[in-house]
Amino acid sequence: MKNNITLDLNHSNTSQVENFLNIVDERLEQIPFDAQKWRRTEDIVAGFKFKGMDHSITITVIFATSYFHANEIATINSLDKIPNTNWTVNGNVLYVVECIDEHALREMLSLFAGRE
């Protein structure tokens, strides 16, 4: 395990997200998350952003008020139209991965989609 990430958030999915981030095969550094860059901020409970230390990868984790709202945040922010970016929702958590390596991007998304 390359990471020992602990999120400062009291939420039912916090432990699951920490587990996912800690098994990522990439050293991650937390960087500031700016909620103001996102539309539908009223449905964002909290957000965290991480940058890969070994490769050019960025992971944004958004805790939404519901599964429906997590999907809506992704859609309204047109995440599917941003180059080298893809996303998945697991429960009420939206995972956004940015990476120029398509294989690494898909591998990361499959991890966040539900491997526990």
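Parameters at a glance
- Each residue is numbered by its place in its chain's sequence as written, counting from 1.
- Side-chain atom pairs in this predicted model are given and counted only at pLDDT of 80 or more, local residue features only at pLDDT of at least 70, and totals for whole chains, interfaces and linings cover all residues.
- Each side-chain value is derived from all of the structure's non-hydrogen atoms; neither hydrogens nor water enter the calculation.
- Numbering of helices and strands runs from the N terminus, with a helix taken as a DSSP run of H or I at least four residues long and a strand as a DSSP run of E at least two residues long.
- Residues adjacent in sequence count toward polar contacts only when both atoms are side-chain atoms; beyond that, a polar contact is any pair of N or O atoms within 3.5 Å, and within protein one must be able to donate a hydrogen and the other to accept it.
- Residue contacts are defined here by distance: any two heavy atoms, one from each residue, within 4.5 Å place the two residues in contact.
- Aromatic contacts are taken between Phe, Tyr and Trp rings whose centres are within 6.5 Å, Trp giving its six-membered ring; a plane angle under 30 degrees counts as stacked, one over 60 as edge-to-face, and the others as tilted.
- Note on exposure labels: buried denotes an accessible area under 20% of the residue type's maximum, exposed denotes more than 50%, and partly exposed covers the range between, all computed with a 1.4 Å probe on protein chains only.
- A pair of strands is treated as paired once DSSP finds two or more bridges between them.

Student: Sorry, what's going on with the side chain of Thr-14 here?
Tutor: Its location among the elements puts Thr-14 in helix H1 (residues 14-22). A distance of 3.1 Å separates a polar side-chain atom of Thr-14 from the backbone oxygen of Leu-9. When sequence neighbours within four positions are dropped, the list of residues in contact with Thr-14 reads Leu-7, Leu-9 and Phe-63.

Student: What is the right way to read the packing of aromatic side chains from this model?
Tutor: Two aromatic rings are characterised by how far apart their centres lie and by the angle between their planes. A full pass over the atoms with the stated rule returns 5 aromatic pairs. On the basis of an interplanar angle of 65 degrees and a centroid distance of 6.2 Å, the ring pair of Phe-20 and Phe-112 is categorised as edge-to-face. Of this pair, Phe-20 sits in helix H1 while Phe-112 sits in helix H3 (residues 102-112); the two residues are 92 residues apart in sequence, bridging distant segments of the chain. Phe-112 shares its class with Phe-20; the two are buried.

Student: In this structure, what is going on with the pairing of strand S3 (residues 57-64)? I would like to understand it.
Tutor: Regular strands show a simple pattern: their side chains alternate between the two faces of the sheet. Among the 8 residues that make up S3, 8 are buried, leaving the element largely enclosed by the rest of the structure. Burial of S3 is two-sided: the residues Ile-57, Ile-59, Val-61 and Phe-63 facing one way and the residues Thr-58, Thr-60, Ile-62 and Ala-64 facing the other way are all buried. For strand S2 (residues 44-52) and S3, the ladder comprises 7 bridges, and the chain directions are antiparallel. Residue pairing across strands places Gly-47 opposite Ile-62, the latter belonging to S3. In this antiparallel pair of consecutive strands, S2 and S3, the connection spans 4 residues. Of the strand pairs in this sheet, S3 and strand S5 (residues 93-99) are connected by 7 bridges, and their pairing is antiparallel. Considered in S5, the bridge of Phe-63 is made with Val-93.

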